[in-house]
Amino acid sequence: MKILLHFLLAAGLAVDAVAAIAACSPIPGVDQVLSKASVHWVFVGELHGSNETPAAFGDLVCDALARGKRVTVALERPTSEQAALDGILTAQDLSAAKTVLLQRPGWQDGMDGRASEAMLRLLISLRELHKSYPELAVVAFDAPYTGTADGARDQAMGRFLLAMGKTKPKNLILILVGNAHAMRAPKFGYEPAAMYLPSKEILSLEVTDRGGESWTSFDGGCGPSRGGVGDKEAKKPRGIFLDPKLAPFGKVDGILSLGVALTSSAPAAGEPAPLPDCRTKFLSKHPPVAHDR
């Protein structure tokens, strides 16, 4: 970290920018990604609902900014939330901006791990970076779609990212998305979002871990569930490894190994009342454990 700070100071960056970057943890191997001049979009495919992946993604943003990249962050949030996301990034009153965001339907009813406390922390950390890097933008790209055909949502997201990239030709677009959407080849019978972008201009990473627990929506239920996307090597260290063979499933360019077990991150807005069906179903199979007082 000291070497990085000296680099930043030598580059003439403001002290507050150095402080913002110093709060991050550099990701080993990140230069393999950031040195690729042809790459315009970087997908980070996650299993939703952990504390660790949003934090690591935030570190990736820091790494890119520290190396002089113009960065746009793209999040798998409904495009209808864009004004609320802008508020988190720029509003003077953060508390009021958080209230506005958490009142949005996707946060009030967000039971699939995408509206977690960890995601809210990521947004607030991006706010801090934005103070020093005002060109940093956060864009919601889960675009509305019509029809019920398999892959319609991926098509809408992919086309949105493609159009957004054309408006920001000099920016590196860092995308945090569910891992199925970041694949370079069909996995479930339809083209994932990443396949709607120019193949030579994207790089796709699958986030891997050492097991643990994440808040997910699965098989009609939603809640903290065991398991993750385990590394093929039991003690894979934290870092980026550009080897497609290391990915546990699907076609990607490599992995972002967290090097730790996942911990579950609950919904940032709390659980709605009455509970949604998915939460009721989960609790029926995983009743709360009684604790002695």
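Our structure is the block above this text.
A few points on the structure.

About the cut-offs
- Residues numbered from 1 in each chain as written.
- Predicted model: local features only at pLDDT ≥ 70, side-chain atom pairs only at ≥ 80, totals over all residues.
- Heavy atoms only, no water.
- Helix = DSSP H or I, 4+ residues; strand = E, 2+ residues; numbered from the N terminus.
- Buried < 20%, exposed > 50% of the residue type's maximum accessible area, 1.4 Å probe, protein only.
- Contact = heavy atoms within 4.5 Å.
- Areas by Shrake-Rupley, 256 points an atom, 1.4 Å probe, with all protein chains shown as cover.
- Lys, Arg positive; Asp, Glu negative; His and termini not counted.
- Charge placed at Lys NZ, Arg CZ, Asp CG, Glu CD.
- Disulfide = S-S within 2.5 Å.
- Axes fitted to C-alpha atoms, helices over the stretch in contact; angles between N-to-C directions.
- Parallel < 35°, antiparallel > 145°, perpendicular 65-115°, else oblique.
- Left-handed = near helix turned anticlockwise from the far one by under 90°.
- Nonpolar A, V, L, I, M, F, W, Y, C, P; charged D, E, K, R; others polar.
- Phe/Tyr/Trp six-rings, centres within 6.5 Å; stacked < 30°, edge-to-face > 60°.
- Lys NZ or Arg CZ within 6 Å of the ring centre and 35° of its normal.
- Pairing = 2+ DSSP bridges.

Bringing the overall build of the protein chain into the picture now. Within the protein chain, the secondary structure is distributed over 10 helices and nine strands. Each principal axis of the C-alpha distribution contributes one length, and for the protein chain these read about 60 × 45 × 40 Å. The buried share among the 293 residues of the protein chain stands at 48%. The long-range share in the protein chain, meaning contacts at least 24 apart out of those at least 6 apart in sequence, stands at 73%. Of the roughly 13800 Å² of accessible surface on the protein chain, 56% is carried by carbon and sulfur atoms. Taken as two groups, the 32 positive and 31 negative side-chain charges of the protein chain have centres that lie 4 Å from each other.

What follows concerns the state of the cysteines. Applying the stated criterion across every chain yields a total of two disulfides. The disulfide bridge from Cys24 ends at Cys62, spanning 1.8 Å between sulfur atoms. Taken together, the positions of Cys24 in the loop between α2 (15-22) and α3 (31-34) and Cys62 in helix α4 (residues 52-66) put the pair 38 residues apart, joining distant regions of the chain. In this structure Cys62 comes out as buried when scored by relative accessible area, which is 2%.

What follows concerns the packing of helix α6 (residues 94-102) against helix α8 (residues 117-132). For the pair α6 and α8, interaxial distance at closest approach is 12 Å and the crossing angle is 140 degrees. One way to sum up the angle between α6 and α8 is to call them oblique. Taken as a pair, α6 and α8 cross one another with a handedness that is right-handed. Within the contact between the two elements, α6 uses Leu94, Lys98, Leu101 and Leu102 and α8 uses Leu120, Leu123, Ile124 and Arg127. When its residues are assigned to classes, the contact of α6 with α8 shows six nonpolar, no polar and two charged.

Moving on, we get to helix α5 (residues 82-90). Ala84, Leu85, Gly87, Ile88 and Leu89 are the residues of α5 that are buried. Looking at the buried residues of α5, the elements they touch are β2 (71-78), α6, α8 and β3 (137-142).

Here we come to the packing of aromatic side chains. Applying the stated criterion across every chain, the model contains zero aromatic pairs. The residue whose ring lies beneath Lys236 is Phe241, and the NZ or CZ to ring-centre distance is 4.1 Å.

Next up on the list: the sheet that holds strand β1 (residues 41-46). Strand order across the open sheet formed by seven strands is β3-β2-β4-β1-β5-β9-β8, with mixed pairing between neighbours. Strands at the two margins of the open sheet, each flanked by one partner only, are β3 and β8 (239-241). Mean inter-strand twist for the sheet, computed between neighbouring axes without regard to direction, equals 25 degrees. Note that β2 and β3 share five bridges and pair parallel. By the bridge assignment, Thr72 is partnered in β3 with Ala137. Relative to the sheet, α4 contacts β1, β2, β4 (172-178), β5 (202-208), β8 and β9 (254-257), its axis offset from that of β4 by approximately 175 degrees.

This part covers the environment of Leu176. By secondary structure assignment, the location of Leu176 is in strand β4. A relative accessible area of 3% means that Leu176 is categorised as buried. Along the backbone, Leu176 and Thr90 are 86 residues apart, and their C-alpha atoms lie at a distance of 21 Å. Setting aside its immediate chain neighbours within four residues, Leu176 contacts Val44, Glu46, Thr53, Phe57, Ala74, Leu75, Glu76, Met119, Leu122 and Phe141.

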